[in-house]
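Results of the structural survey
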Amino acid sequence: MSRSADRTTALTGPASTELPDTAAPDAAPDAASDAAAADTAAPAALAARSRLARRRDRRVYSGSHPVLFALLCATRRRPVVRLGRTVLVHDTAAYREALTRVPLDRRAPGTTGGAAVELLDNGLLFDQEGAEHRSARRALAGGLDAAAQERIRPHWQAVLDRRIPAALAHGGLETVALARELAGVTAAALTGATGCPHRLAHAAAEAAAHAARDHLPGPRRRGPGAADAAARLTALLPEARDAMVAVAAVNTTVAALPRAVAWCADAGLWSAVSEATAPALAAELLRLTAPAPLLPRAAAADTTLAGHPVRAGDRLILVARHAARAHRRTPADDPAATQAVFGAGPHACPGAGLARAQLAAVLLALAPHRPVVARARVDRRSALPGYAELTLRRRPS
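Residues numbered from 1 in each chain as written. Predicted model: local features only at pLDDT ≥ 70, side-chain atom pairs only at ≥ 80, totals over all residues. Heavy atoms only, no water.

Some points on the environment of Ala179
If you trace the backbone, Ala179 turns up in helix 9 (residues 175-191). Residues Ala179 and Val250, 71 residues apart in the sequence, show an inter-C-alpha distance of 8.6 Å. Excluding its chain neighbours within four sequence positions, the residues that come into contact with Ala179 are Thr253, Val254, Leu257 and Pro258. (Helix = DSSP H or I, 4+ residues; strand = E, 2+ residues; numbered from the N terminus. Contact = heavy atoms within 4.5 Å.)

Okay, structure coming up:
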């Protein structure tokens, strides 16, 4: 087995059948000490630590979005499932087909584009059609390429260098607060905002939480604070059209980083983190945690999807978590599954490279300390499944 395969197996556990996606009891009181010992453990111990990592991450879903989680679990064994006018898509190939071949209504209520239009009167990248959509995405992708990452990197590296050693030396590091600061400085660098990064991150999270009400299956309710949340966000940005870029950057980062770090700590993977391995580990952790677990879309015309009829106006729930095979222990060797957490084709996330690079930097900054999870509390109000609090401390000596 190659070193790359060894690392993937350490992350996912040995190849086996599909894991049950049910809420598990809390880990034993000495789980942190057990996770700390896993860095030098035998393969069987690493497999046990991988199961611990999965159990904790499943509790993020069952705690933050229990109804949605139950629905996805109940339907996941079928590639495509129709529930009235809603079509749930779990299969990797069908997921990609939905994003690359099925005509999509970019402004339909309950979709990302629809939420952008309703919340912000501006759906740039999310509600545009055809050539306009492709042109706008190419322009944004150019601002997120390798050169742009190197331009932004000093902003997030300064936060890591300042926050991590000091916090771990004095009791503990609150990674959700760290992720929020990283997201704020990154969003500010991307949009040119000059105000407080903390305020920008908070405003983007608040706007996303309101928008998420239209994204999830079930009754959709709009709170009276939605317009105010949008106004607070756009007031912090040079241009209103930057609002959805800030929302995407902040909420994905705040959801993804703490979950990936918790997985790394629980699975005892710090000894596997190096300059050479961090990019691959970051990509695999993002696949396993699937920060944006579903993509809400709507069909714009009658068509078929994986052989199933789809009607114009049908709501499509594209389950990125299952398309990425994050719910299975078997490593995903299919590049389409690995990419699924970032979409596909013309609807692929242009910030994927930036997300992977930033997580790799976080892993490299934490690895010398080999921290363990001291406290974890699920966020029950956020747009994406995540933690309200995730505190790390130095590993026991």
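Quick word on the nonpolar core
Residues Tyr95, Leu160, Leu233, Trp270, Leu363 and Leu366 are the most contacted members of the largest nonpolar core, which totals 94 residues. Of all the elements, helix 12 (residues 243-266) adds the most residues to this core, at 13 residues. In this view, Leu363 contacts Cys264, Trp270, Val273, Ala278, Leu281, Ala282 and Leu285; residues no more than four positions away in its chain are not counted. In terms of nonpolar packing, the next biggest core, distinct from the first, is built from seven residues, Leu68, Leu72, Leu88 and Leu294 among them. (Core = buried A, V, L, I, M, F, W, Y, C linked by side-chain atoms within 4.5 Å. Buried < 20%, exposed > 50% of the residue type's maximum accessible area, 1.4 Å probe, protein only.)

Re the packing of helix 12 against helix 13 (residues 278-289)
Contact pair helix 12 / helix 13: the axes reach a minimum separation of 9 Å and the direction vectors enclose 105°. The angle between helix 12 and helix 13 falls in the class roughly perpendicular. Mapping the contact onto sequence places Ala256, Arg259, Ala260, Trp263 and Cys264 in helix 12 and Leu285, Leu286, Leu288 and Thr289 in helix 13. (Axes fitted to C-alpha atoms, helices over the stretch in contact; angles between N-to-C directions. Parallel < 35°, antiparallel > 145°, perpendicular 65-115°, else oblique.)

Observations concerning the packing of aromatic side chains
Counted by the stated rule, this structure contains one aromatic pair. A cation sits over an aromatic face here: Arg321 above Tyr61, 4.4 Å from the ring centre. (Phe/Tyr/Trp six-rings, centres within 6.5 Å; stacked < 30°, edge-to-face > 60°. Lys NZ or Arg CZ within 6 Å of the ring centre and 35° of its normal.)

Focus on the sheet that holds strand 9 (residues 387-393)
Reading across the sheet, the three strands line up as 3-9-8 and stay open at both edges, with antiparallel pairing between neighbours. The outermost strands of the open sheet, each flanked by one partner alone, are strand 3 (173-174) and strand 8 (372-378). With two bridges connecting them, strand 3 and strand 9 associate as antiparallel partners. Along strand 9, the bridge assignment pairs Glu174 with Thr391. Along the sheet, helix 12 contacts strand 8 and strand 9; its crossing angle with strand 9, the most-contacted strand, is approximately 40°. (Pairing = 2+ DSSP bridges.)

Let's talk about the packing of helix 8 (residues 146-169) against helix 9
In contact at an axis separation of 9 Å, helix 8 and helix 9 are set at 155° when each is read in the N-to-C sense. The angle between the axes of helix 8 and helix 9 places the two elements in the roughly antiparallel class. Considering only the axes of helix 8 and helix 9, their crossing is right-handed. Contacts from Arg151, Ile152, His155, Trp156, Val159, Leu160, Arg162, Arg163 and Ile164 of helix 8 reach helix 9 at Ala177, Leu178, Glu181, Leu182, Val185, Thr186, Ala189 and Leu190. (Left-handed = near helix turned anticlockwise from the far one by under 90°.)

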